[in-house]
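Fold and contact review
One letter stands for each residue in the lines below.
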Amino acid sequence: MNNTIAKNLLSTLVIFSTLVINFSAQASEKSKNHTSKHSSKQKINFGPGDHYQHEMDINISDYKKIDDISKQASDLPKPLNRNRPEKVIINLKAVEVISKIAPNILYHYWTFNNTVPGPFLRVREDDTVELSLHNDKSSSHSHVIDLHAVTGPGGGKAVTEVEPGDTKTFSFKATTPGLYVYHCAAGNPATHIANGMYGMILVEPKQGLSKVDHEFYIMQGELYTKGRIGKKGFQKFNSRKMLDERPEYIVFNGRTGALVGEGQLNAKVGEKIRLFIGNAGVAKISSFHVIGEIFDRVFPEASLSSPLQNVQTTLIPAGGATVVEFQVDYPGNYVLVDHALARSDRGAWGILNVTGSKNDSLYIGETEKNMSHEKDRHSGH
């Protein structure tokens, strides 16, 4: 009987100890996800130990309004054209803003420098980079930066966690050429990335890149909104959808239609194009394709040493990048897509508009033949 009582007591103690340990671990995780300043405004980040249905209560009047969140695809630095390493100083600002996913659909974006993606950073192999991250005082969360080009703990995260209103600075050496994603990795990194905190950094090789006529900067991202796709009004972030990997929107450069109309890519017949393409994720692999073009060269997963030739579609993993190059030989509109084509209806498409003379030996259809014959007939009168 005494042995039975002793066994029961031991079992009870084990269960009690386990509960205490689990409770302590969850409490510790929750406390880490609170920022220490502005405690009345700070919210809990999503992450281990936090309830997946937690939602932030957003007062949109507390945040700056941005009319167009998208980064222009043509807005990137020119090639460096230098043959020696230098010290490069970069200043980034974490800013939370209100902007449009689509007409009449607002969202609380978290950004680097007020755009999605953030600035395209360009350095040279062996450069020493000094990067400062300032977190705007209006931010609801602490933020950090993790650059995949960095060799060191957290890619910079370990030394850049910055509270609202503060700034952190760190230095790194750009040792390895390539095109790399950077993103926020504070709290639950997936949440910060899904809300728009990502961009790319190019580390040019010592010999530079081949000359092209145009370079463009494109990043695919996912938006997890509480309302279904097309639902009007202000849309909250939905953590359950993110955990289930069910984005309502999959977009290029931050919003639907970012690479259409005024945001489209433009070139002329005969020009060479280079696309720097990244995939922020957080869940989906991108199958990048340009309808009506074949990539002359693809640098798979942005490794700049061994390009492939004559590629139709290239895969870009979440958190990865690629570089594609091709010459445009015929005028018209070329549609950029994730060739998982249902995603076009969620926003993942854009336009490359090419102007110039037609080459009938390369491409001609019945309609164009008829138009050509009609012109010849009229010119004979």
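Further up the page is the structure itself.
Keep in mind it's a predicted model, so treat the numbers as computed, not measured. (Residues numbered from 1 in each chain as written. Predicted model: local features only at pLDDT ≥ 70, side-chain atom pairs only at ≥ 80, totals over all residues. Heavy atoms only, no water.)

**Notes on the overall build of the chain**
Secondary structure assignment for the chain yields five helices and 21 strands. Buried residues in the chain amount to 48% of all 381 residues. Taking as baseline every contact in the chain between residues at least 6 positions apart, the subset at least 24 positions apart corresponds to 74%. Carbon together with sulfur atoms contributes 52% to the accessible area of the chain, which is approximately 18600 Å² in total. (Helix = DSSP H or I, 4+ residues; strand = E, 2+ residues; numbered from the N terminus. Buried < 20%, exposed > 50% of the residue type's maximum accessible area, 1.4 Å probe, protein only. Contact = heavy atoms within 4.5 Å. Areas by Shrake-Rupley, 256 points an atom, 1.4 Å probe, with all protein chains shown as cover.)

**Observations concerning the packing of aromatic side chains**
Under the counting rule described, the total for this entry stands at nine aromatic pairs. Every member of this aromatic cluster is reached through a ring pair, and the members are Phe252, Phe288, Phe295 and Phe326. (Phe/Tyr/Trp six-rings, centres within 6.5 Å; stacked < 30°, edge-to-face > 60°.)

**Focus on the sheet that holds strand S9 (residues 198-204)**
Think of a sheet as strands paired side by side through backbone hydrogen bonds, with each pair either parallel or antiparallel. Pairing in this open sheet of four strands is mixed, and the strands run S4-S9-S8-S6 from one edge to the other. Edge strands, defined here as strands with exactly one partner in the open sheet, are strand S4 (121-124) and strand S6 (146-147). (Pairing = 2+ DSSP bridges.)

**Considerations on the environment of Pro119**
Summarising the element assignment, Pro119 is placed in the loop between strand S3 (105-112) and S4. The exposure class assigned to Pro119 is buried, which follows from its relative accessible area of 15%. Spatially, the C-alpha atoms of Pro119 and Leu76 are 7.4 Å apart, while their sequence positions differ by 43 residues. Each residue touching Pro119, except ones within four places of it in the same chain, is listed here: Lys71, Leu92, Phe112, Asn113, Tyr182, Met200 and Tyr217.

**Re the pattern of salt bridges**
Inspection of the entire model under this criterion finds 21 salt bridges. Between Glu86 and Arg82 there is a salt bridge, with its nearest N and O atoms 3.8 Å apart. Look at Arg82 and you get buried, because its relative accessible area is 17%. Across the pair Glu215 and Arg274 runs a salt bridge whose closest N-O atoms are separated by 2.7 Å. Linking Glu215 in strand S10 (residues 214-223) with Arg274 in strand S14 (residues 272-281), this pair joins segments that are 59 residues apart in sequence. Of the two residues examined, Glu215 and Arg274, each falls in the buried class. Salt bridges linked by common partners bring Arg122, Glu204, Glu215, Arg274, Arg297 and Glu325 together as one network. (Salt bridge = Lys/Arg side-chain N within 4 Å of Asp/Glu carboxyl O.)

**What to know about the pairing of strand S19 (residues 320-327)**
Counting buried positions along S19 gives seven out of eight residues, so the element sits mostly inside the fold. In the sheet, S14 pairs with S19 via eight bridges, with the strands oriented antiparallel. Residue pairing in the sheet places Ile273 in a bridge with Phe326 of S19. Inspection of the sheet shows strand S16 (residues 295-299) paired to S19 by three bridges, in the antiparallel sense. Its bridge partner being in S19, Arg297 is matched across the sheet by Glu325.

**A few points about the side chain of Gln220**
With respect to the helices and strands, Gln220 occurs in strand S10. One polar contact links Gln220 to Asp338, side chain to side chain, over a distance of 2.9 Å. With residues up to four places along the chain from it excluded, the contact list for Gln220 reads Ile250, Val251, Phe252, Gly278, Asn279, Ala280, Gly281, Ser286, Asp338 and Arg343. (Polar contact = N/O pair within 3.5 Å; in protein donor to acceptor, adjacent residues only side chain to side chain.)

**Some details on the nonpolar core**
Formed by 34 residues in total, the largest nonpolar core has its most connected members in Tyr109, Phe120, Leu179, Met200 and Phe276. If one sorts the elements of this core by residue count, strand S2 (residues 87-102) sits on top with four residues. Counting 32 residues, the second largest nonpolar core, distinct from the first, contains Met56, Trp110, Leu121 and Val162. (Core = buried A, V, L, I, M, F, W, Y, C linked by side-chain atoms within 4.5 Å.)

**Observations regarding the sheet that holds strand S13 (residues 265-268)**
Read from one edge to the other, the open sheet built from five strands follows the order S13-S21-S20-S15-S18, with strand pairing classed as mixed. Here the strands that pair on one side only, and so sit at the sheet edges, are S13 and strand S18 (313-316). The average undirected angle you get between the axes of adjacent strands in this sheet is 20 degrees. In this structure, S13 lies alongside strand S21 (residues 349-355), joined through four bridges in parallel fashion. (Axes fitted to C-alpha atoms, helices over the stretch in contact; angles between N-to-C directions.)

**Concerning the side chain of Asn195**
Mapped onto the elements of the fold, Asn195 is located in the loop between helix H3 (189-194) and S9. Assessed through its relative accessible area of 2%, Asn195 is described here as buried. If we ignore the near neighbours within four places in the chain, the residues touching Asn195 are Tyr107, His108, Tyr109, Trp110 and Phe237.

**Let's talk about the pairing of S14**
Counting buried residues along S14, nine of its 10 residues qualify, which places the element largely inside the surrounding structure. For S10 and S14, the ladder comprises eight bridges, and the chain directions are parallel. Paired with Tyr217 across the bridge in S14 is Phe276.

**Digging into unusual backbone geometry**
Glycine aside, the phi torsion of most residues is negative, and most peptide linkages are trans. Cis geometry is adopted by the peptide bond preceding Pro117, which originates at Val116 and carries an omega value of -5 degrees. Its location among the elements puts Pro117 in the loop between S3 and S4. Even without a glycine there, the phi angle at Asn114 is positive, about 75 degrees. As for its placement among the helices and strands, Asn114 is situated in the loop between S3 and S4. Phi angles above zero are rare outside glycine, and Ala302 is one such case at about 65 degrees. Using a relative accessible area of 4% as the deciding quantity, one classes Ala302 as buried.

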